[in-house]
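Summary of the model geometry
This is what each chain is made of:
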Amino acid sequence: MANEVCFRNMDLDQPWLLEQYKSRGGYEVLTKILTEKMTQDEVIELVKESGLRGRGGAGFPAGLKWSFINRNSEASRYVVCNSDEGEPGTFKDRDILRYNPHQLIEGMIICGFAIDAAAGYNYIRGEFWEPYLRFEAALEEARAAGLLGEDILGSGFNYDVHVHLGAGAYVCGEESALLESIEGKKGQPRFKPPFPAHYGLYGGPTVINNTETLSSVPVLLKNGGDWFKGLGVENSAGTKLFAVSGAVKNPGVFEVPMGIPFSELLELAGGMKDGKKLKAVIPGGCSAPVIPADEIMELNMDYDSIAKAGSMLGSGAVVVIDDSVCMVKLLERMSYFYHEESCGQCTPCREGTGWLYRIVSRIERGEGRQEDLDLLTSVGKNIAGRTVCALGDAAVMPVNGMLKHFRDEFQYHIDNKKCLADS
């Protein structure tokens, strides 16, 4: 299946080089915007019309987010790209950094122009050393070509992009914790309001978008909003990068139209590995509630379809689970992750995630009690919606999904002190 947007240059020998990117029309959209004197409002309106939604998890309309910025503020404005990518199962954005960094840079410059920003920052996960080096090299190429810095392309627009390496904290994927980290503070989420559009990086109005989101901007502006909408389905425009892992023959990142049937995505990933039977799928990173096999095989991969099934498209991290997997053990591992990654700022998350993990862990060890299943639900209700950021909710949703669809396995563990999958 053809890669239309973020992976459109993957067939080139060295697509990360400026010369190669320009051979496919790279920076032509930026040049048009700056030389033809397009207005900021015109650019924002075109992004709005395209229907582009945030590709980092929340799915918020990108153009609408840009329009919230107060361009009359006396404080400097900023563009921040979230390349932290810490959700377990997610591994798509690092490939943009490795193979198509200039498209991300062009998208960040266009966003910077649209909100009259002073600078852009790309927050890259600390473990992404190769993507970091690749992106830094691309920035140097862009600066040398007059595409970043003072008076870009003679337009009078001054703007540069900087890289900030994180240190492996999952919570810094949350936008306000990310801002705190860039500012040199402890990576903990801020209370909202005020929201970043009004008080963001260094106190200035700030747009924060995901890597895939900003990388989509140059292509959708070049080809038009109607073209971009035509690649997807209603309310889910464009293509999407899905990182497919787990029990498949050909795990990897696939750029496909929004709304592709899950069955086709599974086929692209080679189908089930080792003749195993599909048991369930986590459709959007490990915070997304699990969907059983019989349901997911009837679904399309878009925001509305997955939401109606009680889960989230999220970042597009698709974890395929086969029938040999114990769902209790899987949930134990996920619960441990959220317990370890809680920043500790608020009590419901700090204490509650540990409580969830310990309950699931004792069920897995064969020490579970009958009241533990209701206790998991009760603890979850006292976490969700009661925390500064969404990490608490992210810890609760996998628990709720597992209990909804695979409660029998948890009950079997309690009754028989062993895994149903081993029976």
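Residues numbered from 1 in each chain as written. Predicted model: local features only at pLDDT ≥ 70, side-chain atom pairs only at ≥ 80, totals over all residues. Heavy atoms only, no water.

As a further point, take the overall build of the chain. Check the secondary structure of the chain and you find 17 helices and 11 strands. The C-alpha radius of gyration computed for the chain amounts to 22 Å, which stays within 12% of the reference 22 Å derived for 423 residues, consistent with globular compactness. In terms of overall dimensions, the chain has C-alpha extents of about 75 × 45 × 35 Å along its principal axes. Per-residue burial over the chain gives 57% buried out of 423 residues. Taking the contacts inside the chain whose residues are at least 6 apart along the sequence as the reference set, 70% of them involve residues at least 24 apart. Carbon and sulfur atoms provide 48% of the accessible area of the chain, an area that totals close to 16900 Å². Measuring between centres, the 43 positive side-chain charges of the chain sit 4 Å from its 58 negative side-chain charges. (Helix = DSSP H or I, 4+ residues; strand = E, 2+ residues; numbered from the N terminus. Rg over C-alpha atoms; globule rule 2.2 N^0.38 Å. Buried < 20%, exposed > 50% of the residue type's maximum accessible area, 1.4 Å probe, protein only. Contact = heavy atoms within 4.5 Å. Areas by Shrake-Rupley, 256 points an atom, 1.4 Å probe, with all protein chains shown as cover. Lys, Arg positive; Asp, Glu negative; His and termini not counted. Charge placed at Lys NZ, Arg CZ, Asp CG, Glu CD.)

With that settled, the discussion passes to the environment of Ala-395. Looking at the secondary structure, you find Ala-395 in helix α17 (residues 391-416). By relative accessible area, which is 5% here, Ala-395 ends up buried. Ala-395 sits 58 residues away from Phe-337 along the chain, and the two C-alpha atoms are 8.7 Å apart. For Ala-395, the residues in contact, after removing those within four places along its chain, are Tyr-338, Thr-353 and Leu-356.

Tallied over the entire structure, the rule returns 1 cavity of 30 Å³ or more. Taken together, Val-171, Pro-189, Ser-342, Cys-343, Gly-344, Gln-345, Cys-346, Cys-349, Cys-389 and Leu-391 make up the full set of residues lining the largest cavity. Split by residue class, the lining of the largest cavity holds 7 nonpolar, 3 polar and no charged. (1 Å grid on protein atoms, 1.4 Å probe; cavity = no way out; pocket = protein on both sides within 12 Å on 5 of 7 lines; lining within 4 Å. Points joined across faces, edges and corners; volume = space filled by probe spheres on them. Nonpolar A, V, L, I, M, F, W, Y, C, P; charged D, E, K, R; others polar.)

Now for the pairing of strand β6 (residues 252-257). Here β6 lies mainly inside the structure; 5 of its 6 residues are buried. The antiparallel pairing of strand β5 (residues 239-246) with β6 creates a hairpin that spans 5 residues between the two strands. (Pairing = 2+ DSSP bridges.)

With that settled, consider the layout of surface pockets. Taken as a whole, the largest pocket holds about 1400 Å³ of empty space. For the largest pocket, the lining is made up of 49 residues, of which Gly-56, Gly-57, Ala-58, Gly-173 and Glu-174 are closest to its centre. Counting residues per element, the ones that place at least two in the lining of the largest pocket are β4 (206-210), α13 (303-308) and α17. Sort the elements by how many residues they give to the lining of the largest pocket and β4 lands first, with 5 residues. Tallied by class, residues from the lining of the largest pocket come to 20 nonpolar, 18 polar and 11 charged.

Each α-helix turn comprises 3.6 residues. Residues three or four places apart therefore point the same way. Along its 16 residues, helix α7 (residues 129-144) runs 23 Å from first to last C-alpha, staying within 8% of the 22 Å computed at 1.5 Å per residue. For α7, every residue scored as buried is listed here: Pro-131, Tyr-132, Arg-134, Phe-135, Ala-138, Leu-139 and Ala-142. One side of α7 carries all its buried residues, which in axial view fall inside an arc of 165 degrees. Looking at the packing, one finds that the buried side of α7 touches α5 (93-99), α6 (101-115), β2 (119-124) and β3 (160-165). Phi turns positive one or two residues past the end of α7, at Gly-146, with a value near 80 degrees. (Expected span 1.5 Å × (residues − 1). Arc of directions from axis to C-beta.)

On to a nonpolar patch on the surface, then. Among the surface-exposed residues, Phe-60, Leu-64 and Phe-68 lie close enough to one another that they form a single nonpolar patch of about 250 Å² accessible area. Using a relative accessible area of 36% as the deciding quantity, one classes Phe-60 as partly exposed. (Patch = residues over 30% accessible without salt bridge, like charges linked within 9 Å, V, L, I, M, F, W, Y side chains within 5 Å. Salt bridge = Lys/Arg side-chain N within 4 Å of Asp/Glu carboxyl O.)

Moving on: the sheet that holds β3. Pairing in this open sheet of 4 strands is parallel, and the strands run β3-β2-β1-β4 from one edge to the other. Each end of this open sheet is capped by a strand with a single partner; those strands are β3 and β4. Recorded for the sheet is a direction-independent mean angle of 20 degrees between the axes of neighbouring strands. Here 6 bridges tie strand β1 (residues 78-83) to β2, and the two strands are oriented parallel to one another. (Axes fitted to C-alpha atoms, helices over the stretch in contact; angles between N-to-C directions.)

With respect to the helices and strands, Arg-55 occurs in the loop between α3 (40-50) and α4 (62-67). Overall, the relative accessible area of 0% leaves Arg-55 in the buried class. At a separation of 2.9 Å, a polar atom in the side chain of Arg-55 contacts the main-chain carbonyl oxygen of Thr-239. (Polar contact = N/O pair within 3.5 Å; in protein donor to acceptor, adjacent residues only side chain to side chain.)

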